[in-house]
Amino acid sequence: MKKLFGLLSIVLLITVLAACGNGDAESSSGEGESASGDSGETKTIKAGIGLNSDHPQYKGLLKFKEIVEEKTDGAIKVDTYHSGQLGDDRSMTEALQLGTQEVVVPSTAPLANFVPEFSVFDIPFLFPNEQVADEVLDGEVGQELLGKLEEQNLVGLAYWENGFRDLTNSERAVASVDDFDGLKIRTMENDLHLDAFKALGANPTPMAFTELFTAMQQGTVDGQENPYATIYLQKFYEVQDHVSNTHHIYSPFVFLMSKSFYDGLTEDQQKIVKDAAVEAGKHERKLNREANEKYLKQLQEEGMEYTEISDEARQEMVDAVAPVIEDYKSKIGEETVDKVYKAIEDAQK
Ligand code: TK8
């Protein structure tokens, strides 16, 4: 029986090969130009992120891979790298500019070093909730900002979500502005974040995410701020004792593609990668929200002490950073700032 199958498959293989040799291989799909383009060569996307494989950011990347490989019939292959295997947000973004990497999904904060207007999202206490953030980012002003990336040889295909950032540290419970006094806090590489934490009385140091865990472990910094999903999934509870729901900034991620790679795609393929980045982003946002909801409890189960920020204490924080925001309006660009404030207002109507 086995032998018969073997023989049959050989006959089948020869028949298929003969059929291919006869016809025009390129039009064998019967639908004119296929999504793989004219040349038929496989293009490979090297896609990297900073967070680990348990994080929704990586699940989103896998979704992107699945959609793209399926829709292009394998003409575009996506290789995924997590945990900063290819570098941190800034160095991976530079690799996209050089054309040595094709995709990265960084936080918008370090992107402000490439396009200053992105710092509008670093304004503390800007978005009231995720739904308003979605509307603004996916709406006109958000898309306009993505367009500005082109001058930097980058194509912004979609916004994903990192989320509302909360403070952790190994020194003391933080309930009010006074408690920030002198705390060595790691911030993202972004001037507005740095100045906002200084205004709160902390002693901030900018640092790449890839160096953060060791810095906390060795006591180079006392604390950091990230959404609960990151704090839990990156096991920061192993080196941090306190967590407060400061919710001081909503961090978006941007799905970036190297412009030289994008320009080399067929129109069909450009549409496929764009749609896939949006679709995968919806999936990522959903998983991320579920994660941020459930992990605060698990952080406490892991032994972290949770401190809730009262309304009055949060207002104190808002007041403390207000002069910094004023100072940055012109650096970010008044027009962008006004547009974003207006979009936030509209989204709440
Ligand atoms: C991961 C970073 C991270 C960000 C940070 O690459 O640096 O703290 O919140 O998630 O983008």
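Structure's up top.
Residues numbered from 1 in each chain as written. Predicted model: local features only at pLDDT ≥ 70, side-chain atom pairs only at ≥ 80, totals over all residues. Heavy atoms only, no water.

## Focus: the sheet that holds strand β4 (residues 154-164)
Spatially, β2-β1-β3-β10-β4 is the arrangement adopted by the five strands of the open sheet, whose pairing is mixed. Bordering the open sheet on either side are β2 (76-81) and β4, each of which pairs with just one other strand. Across the sheet, helix α5 (residues 130-138) touches β4 and β10 (250-258), and the angle it forms with β10 is around 35°. (Pairing = 2+ DSSP bridges. Helix = DSSP H or I, 4+ residues; strand = E, 2+ residues; numbered from the N terminus. Contact = heavy atoms within 4.5 Å. Axes fitted to C-alpha atoms, helices over the stretch in contact; angles between N-to-C directions.)

## Some remarks on the environment of Q269
Position of Q269 relative to the elements: it lies in helix α11 (residues 267-301). In this structure Q269 comes out as buried when scored by relative accessible area, which is 0%. Through-space distance from the C-alpha of Q269 to that of T72 is 7.2 Å; in sequence the pair is 197 residues apart. In this structure the side chain of Q269 is engaged in a polar contact, spanning 3.1 Å, whose partner is the side chain of K43. (Buried < 20%, exposed > 50% of the residue type's maximum accessible area, 1.4 Å probe, protein only. Polar contact = N/O pair within 3.5 Å; in protein donor to acceptor, adjacent residues only side chain to side chain.)

## What about empty space enclosed by the protein?
Summed over all chains, the structure comprises two cavities of 30 Å³ or more. Put simply, the largest cavity is a space of about 240 Å³. Lining of the largest cavity is provided by 22 residues; of these, D89, S107, R186, M188 and F209 occupy positions nearest its centre. Partitioning the lining of the largest cavity into residue classes produces seven nonpolar, nine polar and six charged. Of the voids in this model, the second largest cavity is the one considered here, and its volume is about 80 Å³. Lining the second largest cavity are P124, F125, F180, A196, F197, L200, T246, H248, I249, M317 and V321. Elements supplying a minimum of two residues to the lining of the second largest cavity: α7 (191-199) and α12 (311-332). (1 Å grid on protein atoms, 1.4 Å probe; cavity = no way out; pocket = protein on both sides within 12 Å on 5 of 7 lines; lining within 4 Å. Points joined across faces, edges and corners; volume = space filled by probe spheres on them. Nonpolar A, V, L, I, M, F, W, Y, C, P; charged D, E, K, R; others polar.)

## Here's the deal with the packing of α5 against helix α13 (residues 334-347)
Between α5 and α13, the shortest axis-to-axis distance is 9 Å and the interhelical angle comes to 125°. With respect to each other, α5 and α13 are oriented oblique. The handedness of the crossing between α5 and α13 comes out as right-handed. Across the interface between the two elements, V132, E135 and V136 from α5 touch V340, A343, I344 and A347 from α13. Here the contact of α5 with α13 is built from residues that sort into six nonpolar, no polar and one charged. (Parallel < 35°, antiparallel > 145°, perpendicular 65-115°, else oblique. Left-handed = near helix turned anticlockwise from the far one by under 90°.)

## A few points about a negative patch on the surface
A contiguous patch of negative charge, built from D178, D181, D311, E312, E316 and D319, is present on the exposed surface. Locating D178 in the fold gives a position in the loop between β5 (166-169) and β6 (184-187). (Patch = residues over 30% accessible without salt bridge, like charges linked within 9 Å, V, L, I, M, F, W, Y side chains within 5 Å. Areas by Shrake-Rupley, 256 points an atom, 1.4 Å probe, with all protein chains shown as cover. Salt bridge = Lys/Arg side-chain N within 4 Å of Asp/Glu carboxyl O. Lys, Arg positive; Asp, Glu negative; His and termini not counted. Charge placed at Lys NZ, Arg CZ, Asp CG, Glu CD.)

## Quick notes on the nonpolar core
Counting residues in each nonpolar core, the largest one holds 51 residues, and the members touching the most others are F118, F121, F127 and L149. Those elements that place two or more of their residues in this core are α3 (89-98), α5, α6 (140-147), β4, α7, β10, α12 and α13. Look past the residues within four positions of L149 in its chain and what remains in contact with it is L111, V115, F118, L154, G156, V254 and L256. Grouped together as the second largest cluster of nonpolar side chains are 47 residues, W160, A215, L233 and A291 included. (Core = buried A, V, L, I, M, F, W, Y, C linked by side-chain atoms within 4.5 Å.)

## Concerning the site of the ligand
Around the ligand sit G50, L51, D89, S107, N162, R165, R186, M188, F209, N226 and F253, and that is every residue in its neighbourhood. Measuring from an oxygen atom of the ligand, one finds a side-chain N or O atom of D89 at 2.6 Å. Interatomic distance of 2.7 Å between a side-chain N/O atom of S107 and an oxygen atom of the ligand. Look at the ligand: alone it shows 300 Å² of surface, and the protein chains cover 98% of it. Taken atom by atom, the bulk of the ligand overlaps the largest cavity. Residue classes in the shell around the ligand are distributed as four nonpolar, four polar and three charged. (Near = heavy atom within 4 Å. Sits in = over half its atoms within 2 Å of the grid points.)

## Topic: unusual backbone geometry
Most peptide bonds are trans, and most residues other than glycine sit at a negative phi. In the Ramachandran plot, D73 falls in the positive-phi region, its phi being about 55° despite a non-glycine side chain. Residue placement: D73 occurs in the loop between α2 (56-71) and β2. Residue class for D73 comes out exposed when judged on its relative accessible area of 76%.

## Some points on α11
The terminal C-alpha atoms of α11 lie 50 Å apart, and with 35 residues this matches the ideal 51 Å at 1.5 Å per residue to within 8%. In the structure, α11 departs most strongly from a straight axis at Y295, where the bend amounts to approximately 35°. Residue G303 follows α11 closely and has a positive phi angle near 105°. (Expected span 1.5 Å × (residues − 1). Bend = angle between axes of the 7 residues up to and from the residue.)

## A word on the environment of A208
With respect to the helices and strands, the residue A208 is situated in the loop between β7 (203-206) and α8 (212-217). Spatially, the C-alpha atom of A208 lies 6.5 Å from that of M188, the residues being 20 residues apart in sequence.

None of the figures reported here should be taken as evidence of function without further support.
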